[in-house]
Amino acid sequence: MAYEFITTHTEGEKVGVITLNRPKQLNALSPQLMVELGQALKAFDADEAIGCMIITGNEKAFAAGADIGAMATYSFADVYRDDYITRDWETIRTIRKPVIAAVSGFALGGGCELAMMCDFIIAADNAKFGQPEIKLGIIPGAGGTQRLPRAVGKAKAMDLALTGRMMDATEAERAGLVSRVVPLDKLMEEALGAALMISGYGRMAVLAAKECVNRAYEGTLADGVMFERRMFHALFATADQKEGMDAFVNKRPAVFKHQ
Ligand code: HXC
């Protein structure tokens, strides 16, 4: 598939890497870029060899937001009637395999929201996160006002959404927005290491773990615990559970068949 605003490749035959590629615009997320991103994610999700995906940008920017130039003249009718954002930003929510955001440089506005739609964020030490939409006379529109408080709590989410200030990688890690911070030159190595590790596990356990953690993020504790318990029970019906436990008991590496 030929893309204009992203590139894709695989690593170790198991990891699908998607690189946002509008460097001159700091990877501003235009509608076409988001359509291409959705297509690439779906293609990797459908590829049996792939166990995990990474979305990344470049040293200067993961993405500096939705494309302000493209949005500047939109009317209410344009965005409401044509379902702006909903129509092409939410494909990522349908992706079942894990997606890691490897963030260096700016992750602002829609860029921060895209990173938060990934399953976890690994940040380079030069990463900067923020929801600066308030400065443009708008608010976050791709889940930022909802996912940010869940990730960092109300106080910091309010601070960021109302002042539009940026948060550096150290503050983002302290607040719980990112899972790891690494030196810039180690970012892809770290993300690939995690992605390859995930890809080596039994696929059904991986999908179940992602679904269950998302329940915690989106639903009530009682429903989430019940959902987890049933998924946990269900995994005892898989060959991978027999293999994983037999391998442990017999002190040998497990070879999962994703069955
Ligand atoms: C379109 C953008 C852009 C964006 C940067 N550029 N961000 N174009 N949309 N979001 C373009 C600039 O116009 C400029 O183009 C080039 O990228 C380089 O940017 P500079 O501003 O010259 O770089 P710098 O001085 O290093 O400043 C970096 C920056 C600044 C602090 C990140 O670019 C900035 O504030 N960008 C906007 C951030 C923002 O407000 N994001 C939220 C967008 S709204 P030229 O042609 O001049 O070289 C949003 C809504 C989400 O995301 C709602 C739902 C998704």
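How each quantity is defined
- Note that residues are indexed from 1 along each chain, following the sequence as it is written.
- In keeping with the predicted nature of the model, local features appear solely for residues at pLDDT of at least 70, side-chain atom pairs appear and are counted solely at 80 or more, and the whole-chain, interface and lining totals rest on all residues.
- To get the side-chain values, all heavy atoms of the structure are used, and hydrogens and water are removed first.
- Each residue carries a pLDDT score, the predictor's confidence in it, ranging from 0 to 100.
- Helical segments are the DSSP runs of H or I of at least four residues, strand segments are the runs of E of at least two, and each set is numbered from the N terminus.
- Two strands pair if DSSP finds at least two bridges between them.
- Axis definition: a line fit to C-alpha positions, over the contact stretch in the case of helices; interaxial angles, taken between N-to-C directions, run 0 to 180 degrees.
- The contact criterion used throughout is that any non-hydrogen atoms of two residues lie within 4.5 Å.
- Only a pair of cysteine sulfur atoms within 2.5 Å counts as a disulfide in this structure description.
- Only protein chains enter the accessibility calculation, which uses a 1.4 Å probe. A residue is then buried if its area is under 20% of the maximum for its type, exposed if over 50%, and partly exposed in between.
- Within this analysis, patches are made of residues with over 30% relative accessible area and no salt bridge. Like charges are joined at 9 Å or less; nonpolar side chains (Val, Leu, Ile, Met, Phe, Trp, Tyr) at 5 Å or less.
- Surface accessibility follows the Shrake-Rupley procedure with a 1.4 Å probe radius. Residue values consider only the protein chains on display as shielding.
- Salt bridges are identified by distance alone: a Lys or Arg side-chain nitrogen within 4 Å of an Asp or Glu carboxyl oxygen.

Engineer: Just checking my understanding: could you explain the confidence of the model for the protein chain for this structure?
Structural biologist: For any part of a model where pLDDT is low, the fine detail of the predicted coordinates should not be relied upon. Confidence in the prediction for the protein chain averages 97 pLDDT; 100% of positions are at 70 or higher. Per-element averaging of pLDDT across the protein chain places helix 2 (residues 68-71) at the bottom with 93 and strand 5 (residues 99-103) at the top with 99.

Engineer: How should I be thinking about the sheet that holds strand 1 (residues 6-11) in this particular structure?
Structural biologist: What holds strands together in a sheet is hydrogen bonding between their backbones, with the strands either parallel or antiparallel. Within the open sheet, the six strands sit side by side as 1-2-3-5-7-10. Their pairing is mixed. Each edge of the open sheet is held by one strand with a lone partner, namely strand 1 and strand 10 (180-182). Averaged over all adjacent pairs, the angle separating strand axes in this sheet is 20°, with direction ignored.

Engineer: In this structure, what is going on with the sheet that holds strand 6 (residues 106-108)? I would like to understand it.
Structural biologist: Spatial strand order, 4-6-8-9: four strands in an open sheet with mixed pairing. This sheet does not close on itself; its edge strands, each paired only once, are strand 4 (61-63) and strand 9 (166-168). Within this sheet the neighbouring strands show an average axis-to-axis angle of 20°, counted without direction. The sheet contacts of helix 5 (residues 110-117) involve strand 4, strand 6 and strand 8 (128-130), and relative to strand 6 the element is tilted by about 90°.

Engineer: How should I be thinking about the state of the cysteines in this particular structure?
Structural biologist: What we call a disulfide is simply a covalent bond connecting the sulfur atoms of a pair of cysteines. Inspection of the entire model under this criterion finds zero disulfides. Residue Cys112 stays outside any disulfide, its sulfur separated by 11 Å from that of Cys118, the closest cysteine. The exposure class assigned to Cys112 is buried, which follows from its relative accessible area of 2%. Summary of cysteine pairing: Cys118 is not part of a disulfide, and the nearest cysteine sulfur, belonging to Cys52, is at 10 Å. The exposure class assigned to Cys118 is buried, which follows from its relative accessible area of 6%.

Engineer: Quick question: what am I supposed to make of a nonpolar patch on the surface here?
Structural biologist: A cluster of nonpolar side chains, contributed by Ile68, Leu136 and Ile138, occupies part of the molecular surface with about 250 Å² of accessible area. Note on placement: Ile68 falls in helix 2. Judged by its relative accessible area of 44%, Ile68 falls in the partly exposed class.

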